[in-house]
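Close look at the chain arrangement
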Amino acid sequence: MSHAKADELQWKADAAGVLRALETSASTGLSSKEAASRFQSFGPNDLPRRRARALTVFLRQFNSPLILILLAASAISAFLGDVTDAAIITAIVFVSGVLGFVNEYRSEKTVEELNRKISRMAVVLRDGAKQEVHSRHLVPGDVIFVALGDVVPADARIVYSKDLSLNEASITGESLPVEKTAAPDRRASAIAAARNCVLMGSTVAGGHATCVVLATGLGTQYGKIAGSVAEARPETEFHKGVGQFGLLLVKVTLTLTAFIFVVNLFFAGRGALESLLFALAIAVGITPELLPTIVTIGLAAGARQMSKKHVVVKRLAAVEDFGDIDVLCTDKTGTLTEGTIAVRGHYDASGKSDDTVLAYSLLCNSAVVDKKIYGNAIDTALWTHALGGPVLPRTAGYEKIEEIPFDYARRLMSVVVKKGGKRMLIAKGAPEAVLAACTHAGFGGKTEPLHWRLKKIRQAFSELASNGYRVIAVASRDIPSKKQYSEADESGLTLLGYVVFSDRPKKTVAAAVAKMREAGISLKILTGDNEQVTGKVCEEIHVPVTGIVLGSQMDGMSDAQLEKAVEKANVFARVTPDQKLRIIRALKRGGHVVGFLGDGVNDAPALYEADAGISVDSGVDVAKEAADIVLLRKDLHVLVDGILEGRKVFHNTEKYILNTISANFGNMTTLALSSAFLPFIPLLPAQILLNNLISDAPLTTISTDGVDAEELARPKRWDTGTITKFMVYFGILSSVFDFVTILFLIYVAGAAPPLFRTGWFLESLFSEVLVTFAVRTRRPFYASRPSALLAAVSAAAIAFSLWLVYSPYGAWFSFVQPDAGFLAVIFGIVAAYFLLAELFKQWFFKKHGTRAKNA
């Protein structure tokens, strides 16, 4: 599909030249026939949306190295002739995939529903007459009309405008309305910066205009950004961790398999086939077959908890990426601030608070006040501030005689009002424009020549502007009665004072930012707004500015220079969407796990690139589609709670990994070594798999387990080095007690193979279940309370294994029934192992730090 492309002539040439180039007319527009022909050429004026396809979401659940390892284990079991074992492993993988599919598909459908908005209509001139058409039918060359409150349906050049201003925050990040005009703009280097062009997705904040469409669909600025998120999603920290862990499993499995095969073939004197089959059985045994299910259950539980806090998780793995975040990048407008300008104060010319200034600014005001307030951002803010307050009654009794509207040449507006027999002209506008019309200034009820204090007044205005405030000056004079008033009457005025505006920080932001800081998360602000405004917001929410980088400075930076800059600076002002993307990538190259919160079109590429992209339901469609997580309420407190929930999922998943991989490694190492001198296979393949299944059962409830507060204080990430050390150290400890059990079974109990296998099965299973309560916390085991469900299922697993051994069904697995004394010794060995594991844990965590690498 091709789309019209805006070139520099479309904003540097005059409007008549642009109309000629597009072969259209401002008086008649396109003909219906020509519009239909262009629609065939350019296609519909809409953007393709990703739909939640069930098959795609389902297949995505199996895109993991761990899943491939388990499927390989299933194939090996089938090859060994154990179809039951193969079926069980395959069923586990399938159930895990279904659990993940249900959660992700439901979330995808939720976001799809959020994106189904009311159809937008556009007023277009065709065949010489105005008509309403669906915006998707617009084509380049169409003449369209936009007015207050309209969402601009395409990129277009202004042909005629009256007091036009647009809110472009979702496109450029600019928090205040931008003035627009039809005049050629020869200084702009891009359509987004052109003062005579309007962009798809922006909103008309004031005035009205006639425009000619330049680009539609993917050819618009909005469309180009939307198209950029169609590329393959970059690998996140979670996927990297899973990949590294899968590689570790492959290495350990291959090493042990080769070692066992060699030992059995050359040292134990067994045949090649028997040695190979036993080695492959060991390979199946060391694989943590329930890991995908444990991870999915944990992520799903985290997603459910987050949904209760008005957070929709689109991509289930994002729950853990969310918890890993150590840097949160966010836009300013609407995230840290309210997203609308508000009155911060009204003062006389000396800087003292003065209600008269506010009262006069309400009289000199073009807003329409009904059930709602309609008007430009400044006039709306004035009425919003005054309604219900003490100043409003002071405007009673005044009658508006005439209004001289605002225009961008004068940069002010004025009105003539009457009260009794007295008429007065009131002017309001840009400070320099109002000062130019004044000869005097009012101070505390007195009037002085303006030049006496002009320097101080200008200095005050300059300081306010440098601190991020917007200032509107107000002036007045008495005026005689006449038939008509004009711009020429805007002279000889007395400056009454000024009104100060800003986009207020949200009330809850400062506390939320402090909470983020306590959680070890750095905040970086990426905004299209200027550095003064952003710096003032930082001051008000108690975020020290550690460095400011401007978009213009970034243009001259290499990637290496930017990587250094992003470590120090926390404010990036006047940045473009491409520059936001560079910042995210530089942070990721620096080893950070990056979250990005944004809701505008200009945020979409960064949302897609971040480890965890976060948008809001009020955001534009392309931002929500690019995000991993959608907030139904734009609240940073919800974000912090979600991050902590993600950390809980991470730590509970880690408990399973450390427990299972070390126990399996220990058991399989013991099997490998003991097979060299035992005249029989220590455990049958079916007993190995049964052991794994029963001992893993309690860990299916690990998502309900509590996490110690100190573990949630800092972001963590996968660290295969620590996992490997834990596996080896605790695996060796486990093997030591396995050999203690072997010595007891052979030299004390004189156990034949069936009793030997039964005793070892019970000792191995009991130790793996009970040691969970030691390794689940860095604290002493009695100082950290496990969840009731984990404790109950653990007790049930031990009870079930005893019941199975002593039931008639035990014969299915070649078990025999040991006597009470035998069982007491097994319990004694397990108790000694648990106590030593508790002491060993304290030493390990002291020597090797946290269980996972600090972010």
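Predicted, not measured: the structure shown is a model, and the values here were computed from it. (Residues numbered from 1 in each chain as written. Predicted model: local features only at pLDDT ≥ 70, side-chain atom pairs only at ≥ 80, totals over all residues. Heavy atoms only, no water.)

A short note on the pattern of salt bridges
All told, the structure shown has 26 salt bridges when counted by the stated rule. One network of salt bridges, in which partners are shared, links R585, K588 and E609. (Salt bridge = Lys/Arg side-chain N within 4 Å of Asp/Glu carboxyl O.)

Focus on the sheet that holds strand β8 (residues 311–313)
Spatially, the 8 strands line up as an open sheet ordered β8-β25-β24-β23-β9-β20-β22-β21, and their pairing is mixed. Each having just a single partner strand, β8 and β21 (548–550) make up the two edges of the open sheet. Strand-to-strand twist of the sheet, defined as the mean angle between neighbouring strand axes without regard to direction, takes the value 20°. Contacts from helix α21 (residues 577–589) reach β9 (327–330), β20 (522–526), β22 (571–573) and β23 (594–597), with the element oriented near 155° to β23. (Pairing = 2+ DSSP bridges. Helix = DSSP H or I, 4+ residues; strand = E, 2+ residues; numbered from the N terminus. Axes fitted to C-alpha atoms, helices over the stretch in contact; angles between N-to-C directions. Contact = heavy atoms within 4.5 Å.)

Quick notes on the side chain of S794
Mapping S794 onto the fold places it in helix α28 (residues 788–806). With residues near it in sequence (within four places) discarded, S794 still touches P698, V769 and F773.

Description of the pairing of strand β7 (residues 203–215)
Judged by how many residues are buried, β7 sits mostly within the fold: 10 of 13 residues are covered. As defined by bridge partners, strand β3 (residues 143–147) adjoins β7 across 5 bridges and the pair is classed as antiparallel. What sits directly across from F145, in β7, is T210. (Buried < 20%, exposed > 50% of the residue type's maximum accessible area, 1.4 Å probe, protein only.)

Quick word on the environment of V311
By secondary structure assignment, the location of V311 is in strand β8. Among the residues examined, V311 registers a relative accessible area of 3% and is labelled buried. Among residues more than four places away in sequence, those in contact with V311 are M306, I629, V630, L631 and V638.

Side note on the environment of D603
When you line up the elements, D603 lands in the loop between β23 and α22 (604–609). Residue classification places D603 among the buried positions, given a relative accessible area of 0%. Counting along the chain gives 272 residues from D603 to D331, while the straight-line C-alpha distance between them is 8.2 Å. Residues within four places of D603 in sequence aside, it is in contact with D331, K580, F596 and G598.

Notes on helix α13 (residues 355–363)
Along an α-helix, residues three or four positions apart point the same way, because every turn accommodates 3.6 residues. Taken across its 9 residues, α13 has 7 buried, putting it largely inside the fold. Looking at α13, one finds that the buried residues are V357, L358, A359, Y360, S361, L362 and L363. The backbone nitrogen of T356 lies 2.9 Å from a side-chain oxygen of the residue at the head of α13, namely D354. (Polar contact = N/O pair within 3.5 Å; in protein donor to acceptor, adjacent residues only side chain to side chain.)

A short note on the packing of helix α20 (residues 559–568) against α21
α21 packs onto α20 with a crossing angle of 80° between their chain directions and a minimal axis gap of 9 Å. By the angle class used here, α20 and α21 are roughly perpendicular. The residues of α21 that touch α20, namely those facing D559, L562, E563 and V566, are R582, I583, A586, L587 and R589. Considered class by class, the residues forming the contact of α20 with α21 number 5 nonpolar, no polar and 4 charged. (Parallel < 35°, antiparallel > 145°, perpendicular 65-115°, else oblique. Nonpolar A, V, L, I, M, F, W, Y, C, P; charged D, E, K, R; others polar.)

Some remarks on the packing of α13 against helix α14 (residues 377–386)
Where α13 contacts α14, the axes come no closer than 10 Å and their chain directions differ by 125°. Classed by the angle they form, the pair α13 and α14 counts as oblique. Along this stretch, α13 crosses α14, giving a crossing that reads as left-handed. Here L358, S361 and L362 of α13 lie close against α14, whose contacting residues are L382, W383, H385 and A386. Grouping the constituent residues of the contact of α13 with α14 by class yields 5 nonpolar, 2 polar and no charged. (Left-handed = near helix turned anticlockwise from the far one by under 90°.)

By themselves, these are just geometric observations and shouldn't be taken as functional.
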